[in-house]
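Examination of the molecular architecture
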There are 2 protein chains.
Amino acid sequence: MSTSNRPAYHHGALRPALIAAARALLDEGGPDAVGLREAARRVGVSPTATYRHFEDKEALLAALALDGFREFGAALAAAERAPEPLSAMGEAYVDFALAKPGMFRLMFSPLLSARHDDEALQAAASAAFTTLARGVGAGSDAPPGAQIPAAAIAAWSLVHGLSHLILDGVLPRAEAETFKQAILGLAPGERDAHGQRRADMAEEPR
Amino acid sequence: MSTSNRPAYHHGALRPALIAAARALLDEGGPDAVGLREAARRVGVSPTATYRHFEDKEALLAALALDGFREFGAALAAAERAPEPLSAMGEAYVDFALAKPGMFRLMFSPLLSARHDDEALQAAASAAFTTLARGVGAGSDAPPGAQIPAAAIAAWSLVHGLSHLILDGVLPRAEAETFKQAILGLAPGERDAHGQRRADMAEEPR
DNA sequence: GCGATGATGTTATCAATGTCAACTTCGAAT
DNA sequence: ATTCGAAGTTGACATTGATAACATCATCGC
């Protein structure tokens, strides 16, 4: 019991602690609000201690994004097991973006897209996207890396675009639910020339 | 002619010059690459001179985005006059994003979305979006500010999402043309439960 | 003409950030 | 027990956005 009163020179689990602090910053102010120094400050450690666990700031962000892609993939996988996988995954996609805007933005940030060397990150991203593609119409019979079906691209673009438009404040957040229903209802249904929406009542209210 | 040999204490047209320099930075490295000091450096003026023309860095970015929204609106308006406005505007949307990625990202950056006080910026953005909404199915009979039809939201999300996915390197840039065709061809057509795409042959090849 | 005046630029300075180098502390393996 | 490498610390540097105080110049009332 003599080790718990002094501030402990060695933190013991700095890396996860830094990731947690950075995650908080990400949630509070988006990717730009994540700083090495601020994260270190919150953990109560000197700024340069971070370099023992992350090559640079970008590596810290990559670690965050890795968690993000895993959570994202899990959410999509869960939705895939729903009775209506297509709309469930679409909803999960948008919900994730709205619930974790900072993370969502980070995951698709150009900073990370350039990180083609980070295998774990790429793997997690691929896994999530593969789940998405599977649930969205790209049959599992298609060999990996093959041409993605047009419908899958469209469905992906649809949910991704809506997520961004709402996140960026272009479309009002207050009506997010409405927009979601409009888009998801569009997937199994169809629309006429005047854009009249056919509401989809198959979704059980939760 | 005695005024042209000395470096001229007063630049004369600093504001547009700074905007041009910042625009170059934006095109080169995206929004994060735009810096007050670097812009001033390129124009050959002291860092703080910028504050005579822009309240802060964000104001400079807002000025850039203003130009961007005007160009964007013009491109959409031009597409609206095409024989097939819907797909032409969709294509114009994606093309703009791919041709001016930095600007596109800036225009939808959360930094600027928070600028609700900047009237010129909001006006230019609204103008562009109104053009888009008009061409995309929201009849001009709808009162401004009214409910946006679901189909319009969907079409917007579609092109916006595809733009982002390609821009962020998630979808390969090399196949951008293919993706564009897939999505634009999908707009007037429909697809069955298995995501089988019905290629739309109505589009004339250009 | 001409001197005050306000707009435009400049220099000096700050606080904050990412990053590097050199030193310190401490747990573990020999 | 001694050593050795991993984990943290202090100190410093360059860069950036921003403020304050000073310099320059063009223009307007006289």
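See above for the structure.
Cut-off values and rules
Residues numbered from 1 in each chain as written. Chains lettered and ligands numbered in written order. Predicted model: local features only at pLDDT ≥ 70, side-chain atom pairs only at ≥ 80, totals over all residues. Heavy atoms only, no water. Helix = DSSP H or I, 4+ residues; strand = E, 2+ residues; numbered from the N terminus. Buried < 20%, exposed > 50% of the residue type's maximum accessible area, 1.4 Å probe, protein only. Contact = heavy atoms within 4.5 Å. Areas by Shrake-Rupley, 256 points an atom, 1.4 Å probe, with all protein chains shown as cover. Phe/Tyr/Trp six-rings, centres within 6.5 Å; stacked < 30°, edge-to-face > 60°. Near = heavy atom within 4 Å. Polar contact = N/O pair within 3.5 Å; in protein donor to acceptor, adjacent residues only side chain to side chain. Nonpolar A, V, L, I, M, F, W, Y, C, P; charged D, E, K, R; others polar. Salt bridge = Lys/Arg side-chain N within 4 Å of Asp/Glu carboxyl O. Axes fitted to C-alpha atoms, helices over the stretch in contact; angles between N-to-C directions. Parallel < 35°, antiparallel > 145°, perpendicular 65-115°, else oblique. Left-handed = near helix turned anticlockwise from the far one by under 90°. Expected span 1.5 Å × (residues − 1). Core = buried A, V, L, I, M, F, W, Y, C linked by side-chain atoms within 4.5 Å.

This next bit is on the overall build of chain A. Helix and strand content of chain A: nine helices and zero strands. The order of α-helices and β-strands along chain A, N terminus first, is α-α-α-α-α-α-α-α-α. Per-residue burial for chain A yields a buried fraction of 45% across its 206 residues. Considering only contacts within chain A whose residues lie at least 6 apart along the sequence, 63% involve residues at least 24 apart. Of the roughly 10,800 Å² of accessible surface on chain A, 54% is carried by carbon and sulfur atoms.

This model, assessed by the stated rule, comprises 16 aromatic pairs over all chains. On the numbers, 4.8 Å between centres and 55° between planes, the contact of F72 of chain B with F96 of chain B is tilted. Taken as a pair, F72 of chain B in helix α3 (residues 57–80) and F96 of chain B in helix α4 (residues 85–99) lie far apart in primary sequence, 24 residues in all. For F72 of chain B, a relative accessible area of 0% puts it in the buried group. Considering the side-chain rings of F104 of chain B and F108 of chain B, the 5.0 Å spacing of their centres and the 55° angle between planes classify their relative orientation as tilted. Grouping residues by exposure puts F104 of chain B and F108 of chain B together as buried. One aromatic cluster is present, formed by F69, F72, Y93, F96, F104, F108, F129 and W156 of chain A through successive ring pairs.

Further remarks concern the protein's contact with DNA strand C. Surrounding DNA strand C, one finds 21 residues, the nearest of these being R37 and T48 of chain A together with S46, T48 and H53 of chain B. For DNA strand C, the fraction of atoms within 4 Å of the protein that belong to sugar or phosphate moieties is 48%. Between a phosphate oxygen of DNA strand C and a main-chain N or O atom of L36 of chain A, the distance comes to 3.2 Å. Within the contact set of DNA strand C, a base oxygen lies 2.6 Å away from a side-chain nitrogen or oxygen of T48 of chain B. It is helix α2 (residues 36–43) of chain A that provides the largest number of residues to the surface near DNA strand C, a total of three residues. Classifying every residue of the surface near DNA strand C gives seven nonpolar, nine polar and five charged.

Moving on: the pattern of salt bridges. Residues and elements named next belong to chain A. One pass over the full model with this rule turns up 28 salt bridges over all chains. Ionic pairing is found between E38 and R42, a salt bridge with its closest N-O pair at 3.2 Å. On the criterion of helical spacing, the pair formed by E38 and R42 is a turn pair, its members being four residues apart in helix α2. By relative accessible area, which is 41% here, R42 ends up partly exposed.

Here the focus is the packing of α4 of chain B against helix α8 (residues 150–167) of chain B. All names here are of chain B. Put simply, α4 and α8 touch, their axes get as near as 9 Å, and they point 25° apart. Here α8 runs roughly parallel to α4, going by the angle between their axes. Between α4 and α8 lies a crossing of right-handed hand. For the pair formed by α4 and α8, the contact residues are G90, Y93, V94, A97 and L98 on the first element and W156, V159, H160, L162, S163, I166 and L167 on the second. For the contact of α4 with α8, the per-class residue count stands at nine nonpolar, three polar and no charged.

The environment of DNA strand D is made up of 22 residues, and the closest members are S46, T48 and R52 of chain A together with R37 and T48 of chain B. Here a phosphate oxygen of DNA strand D and a backbone polar atom of S46 of chain A are 2.7 Å apart. The side chain of R52 of chain A places a nitrogen or oxygen atom 2.7 Å from a base oxygen of DNA strand D.

Residue and element names in this part refer to chain B. With respect to the helices, strands and loops of the structure, D56 is situated in the loop between α2 (36–43) and α3. When the C-alpha positions of D56 and L36 are compared, they lie 8.4 Å apart, and in sequence the two are 20 residues distant. Non-local contacts of D56, meaning those with residues more than four positions away in its chain, are made with L36, Y51 and R115.

Residue and element names in this part refer to chain B. An ideal rise of 1.5 Å per residue puts 26 Å on 18 residues; α8 measures up with 25 Å between its terminal C-alpha atoms. With respect to burial, α8 is a largely interior element, 18 of its 18 residues being buried. Phi turns positive one or two residues past the end of α8, at G169, with a value near 80°.

It is characteristic of soluble globular proteins that their nonpolar side chains tend to be buried jointly. Membership of the largest hydrophobic core comes to 116 residues, with the highest contact counts inside it found for Y93 of chain A together with Y93 of chain B. Sequence-distant contacts of Y93 of chain B, that is, excluding residues within four places in its chain, are made with F72, L76, F104, F108, L132, W156, V159, H160 and S163 of chain B.

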